[in-house]
Amino acid sequence: MEARSGCPINAAVEVLGDRWSLLVLRDVIFGDRRYFRALLTGSIEGIASNILADRLVRLVEAGILTRGTAARGQRARYSLTEAGIQTVPILYALGNWGLDWRPGSDKLRSRQELMRAEGPAFIEELMDELRVRHLGAAPKPHDGPGPIERLDAAYAAE
């Protein structure tokens, strides 16, 4: 995809600027949904299958996700690339804005509230864990549960 201009904000918006792309990334990152069916059925916003298929193609073409090869009858697994992992701070910033300026349910706000309370170090730790899960990086040592487990616990507690 060729950008309409050389502006870096425009270049980012052309890839990430529609609501469905960001929500698909949210579900891959925070919901660990990596298969088409899981993304489709797990979408609380009710994404249509044709929209999901289109956004997955776009995110793969943009280098945000990779699509694993699947033999006939098998499901392809999507994985974040490093560029995809680097969207975590963007989603974090958007979520903080949403906490401050938009209403929402306590349950759906719980992960964002945890990330805000934990701060930038937590975001870096989350990105490291995503590198392990999606890129096969070596895990970094840490005490206690990892960030994804802590996010899941915060969500389950509400």
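Since the model is a prediction, treat every value here as computed from it, not as a measurement. (Residues numbered from 1 in each chain as written. Predicted model: local features only at pLDDT ≥ 70, side-chain atom pairs only at ≥ 80, totals over all residues. Heavy atoms only, no water.)

Q: Outline the packing of helix α6 (residues 88-101) against helix α8 (residues 120-135), supporting the account with residue identities and numerical values.
A: Two elements in contact, α6 and α8, have axes whose closest approach is 10 Å; the angle formed by their N-to-C orientations is 135°. For the element pair α6 / α8, the angle class is oblique. Between α6 and α8 lies a crossing of right-handed hand. Along its contact with α6, which presents V88, P89 and Y92, the element α8 presents I123, L126, M127 and L130. Of the residues that constitute the contact of α6 with α8, the class distribution is 7 nonpolar, no polar and no charged. (Axes fitted to C-alpha atoms, helices over the stretch in contact; angles between N-to-C directions. Helix = DSSP H or I, 4+ residues; strand = E, 2+ residues; numbered from the N terminus. Parallel < 35°, antiparallel > 145°, perpendicular 65-115°, else oblique. Left-handed = near helix turned anticlockwise from the far one by under 90°. Contact = heavy atoms within 4.5 Å. Nonpolar A, V, L, I, M, F, W, Y, C, P; charged D, E, K, R; others polar.)

Q: Describe the domain arrangement of the chain, naming the residues involved and giving the relevant values.
A: When its domains are assigned, the chain resolves into domain 1 (1-80) and domain 2 (81-157). Once you take the C-alpha centre of each, domain 1 and domain 2 turn out to be 18 Å apart. Each side of the interface is counted separately: domain 1 has 17 residues, and domain 2 has 20 residues. Roughly 1,400 Å² of surface becomes buried between domain 1 and domain 2 when both sides are summed, with 70% attributable to carbon and sulfur atoms. Taken as a group, I29, F30 and L80 account for 50% of the area that domain 1 buries against domain 2, more than any other trio of residues on that side. For the interface between domain 1 and domain 2, the tally reads 1 salt bridge. A salt bridge links D32 to R133; the shortest N-O distance between them is 3.3 Å. Where domain 1 touches domain 2, the interface holds 5 residue pairs in polar contact (both at pLDDT 80 or more). (Domains from an automatic or database assignment. Buried area = accessible area lost by both parts, 1.4 Å probe. Salt bridge = Lys/Arg side-chain N within 4 Å of Asp/Glu carboxyl O. Polar contact = N/O pair within 3.5 Å; in protein donor to acceptor, adjacent residues only side chain to side chain.)

Q: Could you give an account of the side chain of R131, naming the residues involved and the relevant values?
A: One can find R131 in helix α8. At 2.8 Å, the side chain of R131 and the side chain of E82 are in polar contact. In terms of polar contacts, R131 uses its side chain to reach the side chain of D128, at 2.9 Å. If near-sequence neighbours (up to four positions away) are discounted, R131 is found in contact with E82, I85, Q86, G136 and A137.

Q: Please provide a residue-by-residue account of the layout of surface pockets, values included.
A: Think of a ball as big as a water molecule: rolled over the atoms, this probe shows where empty space is left. Size it by volume and the largest pocket reaches roughly 960 Å³. Considering the residues around the largest pocket, the lining is formed by 29 residues, among which L23, R26, E45, G95 and L108 are closest to the centre. Counting only elements with at least two residues in the lining of the largest pocket, the list comes to α2 (19-31), α6 and α7 (106-118). Considering each element in turn, the lining of the largest pocket owes the most residues, 7 residues, to α2. For the lining of the largest pocket, the per-class residue count stands at 12 nonpolar, 8 polar and 9 charged. When residues of the lining of the largest pocket are assigned to domains, at least three fall in each of domain 1 (1-80) and domain 2 (81-157). In this structure, the second largest pocket occupies an estimated 180 Å³ of space. Lining the second largest pocket, in full, are Y35, F36, R37, A53, L56, V57, V60, R67, R75, A76 and Y78. (1 Å grid on protein atoms, 1.4 Å probe; cavity = no way out; pocket = protein on both sides within 12 Å on 5 of 7 lines; lining within 4 Å. Points joined across faces, edges and corners; volume = space filled by probe spheres on them.)

Q: Any chance you could break down the side chain of D18 for me, citing the residues and the numbers?
A: The residue D18 is located in the loop between α1 (8-16) and α2 in this model. If sequence neighbours within four positions are ignored, D18 has contacts with R55 and R58.

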